[in-house]
Amino acid sequence: MGALYLASVEATGKTAICAGIGRKLLSQGRKVGFIKPVQLTETSSADGYKDATFIKEAFELSESTEMLSPVRLSRRDLWRNLTDDVEGFTQKIKQAYARISRGKDVVLMEGFSDLGVDKVATLACYTVAEALDAKVVVVLRYSSDLSPSRIAQVAEKLEQRLLGVVINFAPESRIEMVRQHMTTLFQEAGINVLGMLPEVRTLLGVSVRELAEILDGEILTCPEGTGEMVENAMLGAMTPDSGIDYFNRKGNKAAVVRGDRGDMQLAALETSTKCLIVADNLKPLPTVIYQAEDKHVPIMVVKQNTFGVIAGIEEALAKVSFHNPQKLRKFENVLDDYFDFKTLYLGLGLEA
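Residues numbered from 1 in each chain as written. Predicted model: local features only at pLDDT ≥ 70, side-chain atom pairs only at ≥ 80, totals over all residues. Heavy atoms only, no water.

1. Brief notes about the sheet that holds strand β14 (residues 273-278)
In spatial order, the strands read β10-β15-β14-β13-β12; together these five strands make up an open sheet with mixed pairing. Looking at which strands have only one partner, the edges of the open sheet turn out to be β10 (218-219) and β12 (232-235). Relative to β14, strand β13 (residues 253-257) is paired through five bridges, and the arrangement is parallel. In the sheet register, A255 faces β14, and the bridge partner there is L276. Against the sheet, helix α10 (residues 208-215) makes contact with β10, β13, β14 and β15 (299-301), and its axis sits at roughly 10 degrees relative to β15, the strand it touches most. (Pairing = 2+ DSSP bridges. Helix = DSSP H or I, 4+ residues; strand = E, 2+ residues; numbered from the N terminus. Contact = heavy atoms within 4.5 Å. Axes fitted to C-alpha atoms, helices over the stretch in contact; angles between N-to-C directions.)

Rendered as structure tokens:
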């Protein structure tokens, strides 16, 4: 049976990569398990189980989220366990892993971010991987100055346990040039690059449904369209004759328009709009509602003014979550195109 521990140097879509790899394995008929070995109690209970709940649904697992995230400790207690009581700590991890891994071909484990930066996260990676005889993949965020030195000490410590790195959020327009450069750079340092993944705009958006929850908005039309992804937000222009030209500047957007500007609401609906957000708690005119229904665009009415709505959307986009089935399906396609599954399977002792 194969065991794979995923860690990252910073927040870089580790959960998404874990989910995508697992779904690929499942599609090939393999039995896949998941465990988040340690959860820090500084994270609230609801947030703490969010990743485990998402993976549970994605993999259709029967285990409870508590079983998938079995050990909850404060940072201080985790450090003490990793240093003063490592035997007792590893025993707990092994017992939890034994329950999860029963009948599985592969178990995926999600570790901490801040690998190589935070001593607790780093020691947890070494200890858990050693205790469970797991291979390790490290996720990195692309930057123009990214180099193997970011994980040199980690790679030296893990030795053969490190299968390689995945570099996420590379510029899509230069993906091939960047891939060749980074692959050569890391291979010269003895580190495999298992994937160079592009930054895909649709994976950085939020659904209309999520926006409605954040803004406490009322959906008036086309509730079936609330699963659509919003990538941009635009505030309605002030002059009607420039409306369509203005809204055409961005696609896949939420158009935010004052409640008394039916002309601008209609203009937005003539362009690539995923959601029309009407501010000031004013219901739009019947002609606007009819046009939205004809175009299959949800209208959301909110109490805030336009600037309050824009601020809420920008905050939501900054905290974008991957916990969305539509995003997962898209990301599976990204992995098919840009991830080296053959090398991963070889490292885990699986047939390609």
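The structure having been displayed, the exposition proceeds.
2. A few points about the packing of aromatic side chains
Considering all chains together, one arrives at three aromatic pairs under this definition. Between the aromatic rings of Y246 and F247, the centroid separation amounts to 5.2 Å while the plane-to-plane angle is 65 degrees, which identifies the pairing as edge-to-face. An identical accessibility class is assigned to Y246 and F247; each is buried. Between F339 and F341, the ring centres sit 4.8 Å apart and the planes meet at 65 degrees, which makes this aromatic pair edge-to-face. On the accessibility criterion, F339 (7% relative accessible area) is buried. Pairwise contacts between aromatic rings join F339, F341 and Y345 into one cluster. If you follow K24 out to its NZ or CZ, it ends over the ring of F341, 5.3 Å from the centre. (Phe/Tyr/Trp six-rings, centres within 6.5 Å; stacked < 30°, edge-to-face > 60°. Buried < 20%, exposed > 50% of the residue type's maximum accessible area, 1.4 Å probe, protein only. Lys NZ or Arg CZ within 6 Å of the ring centre and 35° of its normal.)

3. Quick word on the environment of R72
Along the polypeptide, R72 turns up in strand β4 (residues 71-73). A C-alpha to C-alpha distance of 18 Å links R72 and Y126, two positions 54 residues apart in sequence.

4. Overview of helix α12 (residues 262-269)
Where burial is concerned, most of α12 is hidden: six out of the eight residues are buried. Taken together, the buried residues of α12 touch α11 (243-247), β13, β14 and α13 (286-295).

5. Looking at the nonpolar core
Of all hydrophobic cores here, the largest spans 87 residues; its most connected members are I21, M109 and I167. Counting residues per element, this core draws most heavily on helix α7 (residues 119-131), which supplies seven residues. Beyond its immediate sequence surroundings of up to four residues, I167 is in contact with L140, Y142, L146, M182, F186, V193, G195, M196 and L197. Counting 17 residues, the second largest nonpolar core, distinct from the first, contains M264, A268, L269 and V297. (Core = buried A, V, L, I, M, F, W, Y, C linked by side-chain atoms within 4.5 Å.)

6. So, the pairing of β14
Here β14 lies mainly inside the structure; five of its six residues are buried. Chirality of the crossover, the property in question, places the unit of β13, α12 and β14 among those that are right-handed. Alignment of β14 against β15, held across three bridges, turns out to be parallel. Paired with L276 across the two strands is I299, which belongs to β15. As a crossover connection, the stretch from β14 through α13 into β15 is right-handed. (Right-handed = clockwise from strand over helix to strand, strands pointing away.)

Don't take any of this as a statement about function, it's just geometry.
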